[in-house]
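Tertiary structure, described
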2 protein chains.
Amino acid sequence: MTLYFADLIKKKRDRQELTSDEIQQFIAAYTSGTIPDYQVTAMLMAIYLNGMTNEETVALVKSMIHSGVTVDTSKIPGFKVDKHSTGGVGDKTSLILGPIVAAAGFYVPMISGRGLGHTGGTLDKLESIPGFNTQQSLERFVEITREIGTCFIGQTKEICPADKKIYALRDVTGTIESFPLICASIMSKKIAEGIDGLVLDVKFGSGAFMKTVEQAKSLATALMNIAKSYDKKIVSVISSMEQPLGRFAGNSLEVFECVEIMKNKKFTGPNGEDMYADTRELSLQLSAQMIHLSGKTASVNEAYSLAVEALESGRALQVFEKMCKVQGGRLSELPAAKKSHKVTAKTAGYLHSFNVEKIGLAGIILHAGRMKNDDVIHPTAGIEFHCKLGDQVKAGDTIFTIHGDEPELFAEAEQLLTLAHEISLQKPPAHVLINTVLN
Amino acid sequence: MTLYFADLIKKKRDRQELTSDEIQQFIAAYTSGTIPDYQVTAMLMAIYLNGMTNEETVALVKSMIHSGVTVDTSKIPGFKVDKHSTGGVGDKTSLILGPIVAAAGFYVPMISGRGLGHTGGTLDKLESIPGFNTQQSLERFVEITREIGTCFIGQTKEICPADKKIYALRDVTGTIESFPLICASIMSKKIAEGIDGLVLDVKFGSGAFMKTVEQAKSLATALMNIAKSYDKKIVSVISSMEQPLGRFAGNSLEVFECVEIMKNKKFTGPNGEDMYADTRELSLQLSAQMIHLSGKTASVNEAYSLAVEALESGRALQVFEKMCKVQGGRLSELPAAKKSHKVTAKTAGYLHSFNVEKIGLAGIILHAGRMKNDDVIHPTAGIEFHCKLGDQVKAGDTIFTIHGDEPELFAEAEQLLTLAHEISLQKPPAHVLINTVLN
């Protein structure tokens, strides 16, 4: 067998196409422990460097799904839709759009991940709510979704175990940033969730995995091709991660922001603009796409109106509060950091650009995120944003506020944050949040 | 540490050059067990697909040597020289040239390998001599070389342990056929042998790893660059593996052929030519290069004359017999196969080409070679060649004789051998054994 799998590695090494059967055998053998890790990582590097065809990627998705169970959502009576974001800083829309779409009468069963590297994770945000339990059984997950309209849980052992094993290997062998491997990892888990439709929020910019719009569109197309081969309804929103989303990055800070938005509050920054506006708008746009995928609305605009209504009526907040309660979370006890520190503008001018990845790394220094899987998160730590791209600032104006309980970490984070923004004399072109929507 | 080594993998993945220190750390950590196999195989695949610079390869050689000990040959008073062949079918020159060069007054401390795939291994050949012990301590190895002029042993645990571990991984991850990895594996072991000079027999053709002369020259150049950075004298003979060498392929059969040649015997084939001639000539040419590397001869021609004299006088045979005796081998008890089977020409014409790799695979079917490391070799099994390229044959003439004790394997081997030669009506161009010598 070892020699047979070595032949498959050679085939990929030599840029030949693997058959569906070969991919299926490889993944099944790895899941059952027949193939050692060291053969898998050689294959992963060959895939990283030589790529995979669409057919190969679809076969990889299939074999990852088959390595575990698919959630049986047949007891949920309506349209089941989820959203997946490729990750960013301050990217907290899941917590708002899940309740909005549920309040609009659809179902959002969401299996989320943890943050790794500079990007945050929905699970970490929810777990900053004291008592919130993201480890529900799949049966309970379906039950809660059915009752409340949405439920947020973490990856379970039953779903795509091959993906979990392979992801751990990719993390330490330089094979994370591979299109087919990313596609397979994302889509296998989403398809195994038992959903009817999926909205992708594919981000581009300095805080995104994909630096350019073109790269983001390519990834979106690859992901959509897979979903379509499974007859799932799918749409991609290509959105900017050239600046952090909203007012906060950091776990309990982001939950706070979401609740404020669901309470229809605004927070006016020093330049007179609502610092919640972009989080709110992206959440509504993504909700509209999710609702429209159901086929129950005549246009995205109609779906958008339903989303606005669900949000403004307070019904989305009710869903969120119910969901927190049923999952054990005590929202009223959301913790806040004890210390803070302002990071100010060194010169006057226009806020010209952010290095969003560096902002994310400053978050890691504050323990708002993790660099390694076993790093411990401090739920209250994070960064507050006072300006958006294009804002005019004077020297000494606050650009960021660092929040946390460990002031000894603030100096290093401040240093990074100072490097993470540029002020120029010329006003930059207006920042556009949503670049395009791909069907 | 795991993340640091992941960064080195990413560097190679992204075609950046690794520093000597980084390569040294990687190999040292793997030797000591700090890096898991699965990180090494990802690195090996990245090296396979992205290559290594000359500096990186030299650093890899150095770190492999440093993973173990270097043989202390300071007690051997004269010029110490070895030969390495890139492998072929019937390639038995080591057993003749070691004794020739020793008989001419130089020293040949030879650490050899086993056969794998279609190519044979010197150790397997010697071990077909009953009692021959290739597992000598390094002290005894130096002692025997000093006393007799040559000694043949197998790879020991002390020499280049990193190479041994890495080779085992390469074998099952499709990363054998990589220039820098091949170079590092060959040269680290040869430099650790404590030699002053090395002659490379780099083969090209259907039975060689390198299919073309150009590829063989490239490999020779890469190998020589490494040796030169270690101030070792080196020369490469680029020789043909478009046909098997000599009269036999198979372990005890090849020892028999070597002894016959050292007894200055000839064996006339059906076309009137000496079937030992090419083995004898290549052994003499390689011996001449080895002798000339010492700087004690004015020309390769003079060195060639010394080699001929050592062979024709019977002194090379005496060295071989002494070496066998001191290593426990009972040459007079060399076993022979009990059964044989002729493979005949299906049509008349000229022997136009051999597929030498297929001939080697026929040898594996007969258990004269091994496909996997733990396959057991049958020492008497093998193939006898009756014709050379360009020979005229009639339908029914014997082309090969299969030898072995397991006649049930003969049909499958015959099938392969029938596919492994082509007879045409046109006489092919004359076959040239040695293409060129590179200094």
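Every value quoted in this text rests on a predicted model; they were computed, and no experiment measured them.

1. Looking at the overall build of chain A
- Secondary structure assignment for chain A yields 16 helices and 13 strands.
- Compactness check: chain A gives a C-alpha radius of gyration of 22 Å against a globular reference of 22 Å for 439 residues, within 12% of the reference.
- In terms of its C-alpha atoms, chain A occupies a principal-axis envelope of roughly 65 × 45 × 40 Å.
- Counting contacts in chain A only where the partners sit at least 6 residues apart, residues at least 24 apart contribute 77% of the total.
- When the 46 basic and 50 acidic side-chain charges of chain A are each reduced to a single mean position, those positions are 2 Å apart.

2. What about the sheet that holds strand S11 (residues 398–404) of chain B?
Residue and element names in this part refer to chain B.
- Sheet architecture is open: 4 strands sit in the order S6-S9-S11-S7, paired in antiparallel fashion. Among the strands making up the open sheet, the edge pair consists of strand S6 (248–250) and strand S7 (339–344). Averaged over all neighbouring strand pairs, the angle between strand axes comes to 20°, with direction disregarded.
- As judged from the 4 bridges shared by strand S9 (residues 382–385) and S11, these two strands associate in the antiparallel manner.

3. Overview of the relation of the copies chain B and chain A
- At an RMSD of 0.0 Å, chain B and chain A line up after a rotation of 180° and a shift of 0.0 Å along the axis. Read as a symmetry element, the transformation amounts to a two-fold axis. Judged by C-alpha distance, Tyr38(B) is the residue of chain B that lies nearest the rotation axis, at 1.9 Å.
- Interface residue correspondence from chain B to chain A reaches 100%, placing this contact among same-surface, isologous pairings.

4. Re the side chain of Thr134(B)
All names here are of chain B.
- Relative to the helices and strands, Thr-134 resides in the loop between helix H6 (122–126) and helix H7 (138–148).
- Judged by its relative accessible area of 1%, Thr-134 falls in the buried class.
- A distance of 3.2 Å separates the side chain of Thr-134 from the side chain of Gln-135, its partner in a polar contact.
- Each residue touching Thr-134, except ones within four places of it in the same chain, is listed here: Arg-114, Leu-123, Leu-126, Glu-127, Phe-152, Ile-153, Gly-154 and Gln-327.

5. What to know about the sheet that holds strand S1 (residues 81–85) of chain B
All names here are of chain B.
- One open sheet accounts for 4 strands, arranged S1-S4-S5-S13; its pairing is mixed. In this open sheet, the two strands that pair with only one neighbour each are S1 and strand S13 (434–438). The sheet shows a mean angle of 15° between the axes of neighbouring strands, direction not considered.
- When S1 meets strand S4 (residues 197–204), the two strands line up parallel, connected through 5 bridges. Its bridge partner being in S4, His-84 is matched across the sheet by Leu-200.
- On the sheet, helix H10 (residues 213–229) packs against S4, strand S5 (233–240) and S13 and is oriented at approximately 165° with respect to S5.

6. Some details on the interface of chain B and chain A
- Contacts between chain B and chain A engage 24 residues on the former and 25 residues on the latter.
- Where chain B meets chain A, there are 2 salt bridges.
- With a closest N to O distance of 3.1 Å, Glu177(B) and Arg13(A) form a salt bridge.
- Inspection of the region where chain B meets chain A yields 11 residue pairs in polar contact (both at pLDDT 80 or more).
- Classifying every residue of the side of chain B that touches chain A gives 11 nonpolar, 7 polar and 6 charged.

7. Let's talk about H7(B)
Residues and elements named next belong to chain B.
- The complete set of buried residues in H7 reads Leu-138, Phe-141, Val-142, Ile-144, Thr-145 and Ile-148. Axial view of H7: buried residues confined to an arc of 165°, hence all on one face. Looking at H7, the residues exposed on the side facing more than 90 degrees away from the buried face are Glu-139 and Glu-147.
- Packed against the buried residues of H7 are helix H5 (94–103), strand S2 (108–112), strand S3 (150–154) and helix H14 (315–326).

8. Quick look at the packing of aromatic side chains
Residue and element names in this part refer to chain A.
- Under the definition given, this model contains 12 aromatic pairs over all chains.
- Look at Phe-267 and Tyr-276: their rings are 6.3 Å apart centre to centre, the planes differ by 50°, and that puts the pair in the tilted class.
- The class for Tyr-276 is buried, based on a relative accessible area of 1%.
- Members of the aromatic cluster, each reached through a chain of ring pairs, are Tyr-4, Phe-5 and Phe-26.

9. Concerning the nonpolar core
- Core analysis: the biggest nonpolar cluster contains 105 residues, and Met187(A) and Met187(B) have the highest contact counts within it.
- Every residue in contact with Met187(B), bar those within four places of it in the chain, is listed here: Val61(B), Leu198(B), Leu223(B), Ile226(B), Ala227(B) and Ile234(B).
- Counting residues in hydrophobic clusters, the runner-up holds 90 residues, among them Val356(A), Ile365(A), Phe385(A) and Leu409(A).

10. Focus on the pairing of strand S4 (residues 197–204) of chain A
- Along S4(A), 8 of the 8 residues are buried, which leaves the element largely enclosed by surrounding structure.
- Covered by surrounding structure in S4(A) are Gly197(A), Val199(A), Asp201(A) and Lys203(A) together with Leu198(A), Leu200(A), Val202(A) and Phe204(A), the residues of both alternating faces.

11. Thoughts on the environment of Val308(B)
- Locating Val308(B) in the fold gives a position in helix H13 (residues 300–312).
- On a C-alpha basis, the gap between Val308(B) and Leu8(B) in space is 52 Å, while along the polypeptide they are 300 residues apart.

12. Things to note about the confidence of the model for chain A
- Averaged over every residue, the pLDDT of chain A is 95; the share at 70 or more is 100%.
- Scored as a whole, the predicted complex attains pTM 0.83, and scored at its interfaces, ipTM 0.81.

Parameters and conventions
- Residues numbered from 1 in each chain as written.
- Chains lettered and ligands numbered in written order.
- Predicted model: local features only at pLDDT ≥ 70, side-chain atom pairs only at ≥ 80, totals over all residues.
- Heavy atoms only, no water.
- Helix = DSSP H or I, 4+ residues; strand = E, 2+ residues; numbered from the N terminus.
- Rg over C-alpha atoms; globule rule 2.2 N^0.38 Å.
- Contact = heavy atoms within 4.5 Å.
- Lys, Arg positive; Asp, Glu negative; His and termini not counted.
- Charge placed at Lys NZ, Arg CZ, Asp CG, Glu CD.
- Pairing = 2+ DSSP bridges.
- Axes fitted to C-alpha atoms, helices over the stretch in contact; angles between N-to-C directions.
- Least-squares fit on C-alpha atoms with pLDDT ≥ 70 in both.
- Buried < 20%, exposed > 50% of the residue type's maximum accessible area, 1.4 Å probe, protein only.
- Polar contact = N/O pair within 3.5 Å; in protein donor to acceptor, adjacent residues only side chain to side chain.
- Salt bridge = Lys/Arg side-chain N within 4 Å of Asp/Glu carboxyl O.
- Nonpolar A, V, L, I, M, F, W, Y, C, P; charged D, E, K, R; others polar.
- Arc of directions from axis to C-beta.
- Phe/Tyr/Trp six-rings, centres within 6.5 Å; stacked < 30°, edge-to-face > 60°.
- Core = buried A, V, L, I, M, F, W, Y, C linked by side-chain atoms within 4.5 Å.
- pLDDT = per-residue confidence, 0-100.

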